[in-house]
Structure formats: structure tokens, C-alpha cells
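Here are the chains, one letter per residue:
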Amino acid sequence: MKKLFRLKTFQNILFYMFLIGLVIGTLYGVHIFTNKLRYYSIIPFLPVLYIIVKGMYKNVPYFINDSKLIDFKQ
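A. Up close: the packing of aromatic side chains. Under the counting rule described, the total for this entry stands at two aromatic pairs. Residues Phe10 and Phe63 carry aromatic rings whose centres are separated by 5.6 Å and whose planes lie at 25° to one another, so their mutual orientation is stacked. Of this pair, Phe10 sits in helix H2 (residues 8–34) while Phe63 is found in helix H3 (residues 46–69), placing the two residues 53 residues apart along the sequence. A single burial state applies to Phe10 and to Phe63, both of which are buried.

B. Spatial organisation of a nonpolar patch on the surface. On the surface, Leu37, Tyr39, Tyr40, Ile42, Ile43, Leu46 and Leu49 cluster together to form a nonpolar patch covering roughly 690 Å² of accessible area. By secondary structure assignment, the location of Tyr40 is in the loop between H2 and H3.

C. Summary view of the packing of H2 against H3. The N-to-C vectors of H2 and H3 enclose an angle of 150°; their axes lie 9 Å apart at closest approach. In this view, H2 runs roughly antiparallel relative to H3, as classed from their interaxial angle. Two packed elements cross with a definite hand, and for H2 against H3 that hand is left-handed. Of the residues in H3, those touching H2 at Thr9, Phe10, Asn12, Ile13, Tyr16, Met17, Leu19, Ile20 and Val23 are Val48, Leu49, Ile51, Ile52, Gly55, Met56, Asn59, Val60, Tyr62, Phe63 and Asp66.

D. Inspection of the side chain of Thr9 at higher detail. Looking at the element boundaries, Thr9 is found in helix H2. According to the relative accessible area criterion, Thr9 is buried, its value standing at 11%. Ignoring sequence-local partners within four residues, the contact set of Thr9 consists of Asn59, Tyr62, Phe63 and Asp66.

E. Main features of the environment of Tyr28. Of note, Tyr28 is situated in helix H2. The spatial distance from the C-alpha of Tyr28 to the C-alpha of Arg6 is 32 Å, given a sequence separation of 22 residues.

F. Structural view of the environment of Gly55. Secondary-structure assignment places Gly55 in helix H3. Separated by 15 residues in the primary sequence, Gly55 and Tyr40 have C-alpha atoms spaced 24 Å apart.

Thresholds applied
Residues numbered from 1 in each chain as written. Predicted model: local features only at pLDDT ≥ 70, side-chain atom pairs only at ≥ 80, totals over all residues. Heavy atoms only, no water. Phe/Tyr/Trp six-rings, centres within 6.5 Å; stacked < 30°, edge-to-face > 60°. Helix = DSSP H or I, 4+ residues; strand = E, 2+ residues; numbered from the N terminus. Buried < 20%, exposed > 50% of the residue type's maximum accessible area, 1.4 Å probe, protein only. Patch = residues over 30% accessible without salt bridge, like charges linked within 9 Å, V, L, I, M, F, W, Y side chains within 5 Å. Areas by Shrake-Rupley, 256 points an atom, 1.4 Å probe, with all protein chains shown as cover. Salt bridge = Lys/Arg side-chain N within 4 Å of Asp/Glu carboxyl O. Axes fitted to C-alpha atoms, helices over the stretch in contact; angles between N-to-C directions. Parallel < 35°, antiparallel > 145°, perpendicular 65-115°, else oblique. Left-handed = near helix turned anticlockwise from the far one by under 90°. Contact = heavy atoms within 4.5 Å.

Spatial relationships are all this shows, so hold off on functional conclusions.
Below, the structure written as C-alpha cells:
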């Protein structure tokens, strides 16, 4: 696990996964506490979702290549 955390691509992927959780959690909280989740309440999150998708699309192939080079000893 230490070897994975040293990879810059893995760190970037974790950051984008955190952002996905933050967006989903915020939308879920709006739904739970107000019961007023409408399609127009998702519009402010579209730029953030675009950044997340773009970052994941860029980093996942590099992460797969980097993870193939790691030798996991058990």
C-alpha cells in the first residue's frame, strides 16, 4: 500500500474520488434535508463534474501503467 501512495497518479485519482464523494454527498444532503432536489440544482455542479471526469480520464491510463511496474510481495 505504501508503494501505491507514492504514485502521483494514485494521489490524483484519490483527490478526484474525494471530489466525486463531496458532490454526491452534497446532492444527497440537499435531497434528504430539503426534499427539493430538482434538475436545476445539479447545474452548479456541472463544472466540477467536468473537471473530475477530465482529470480521471487523463490519470487512469497512467495509473494502470504505473501499477503494472509495482512488484507486490506477499
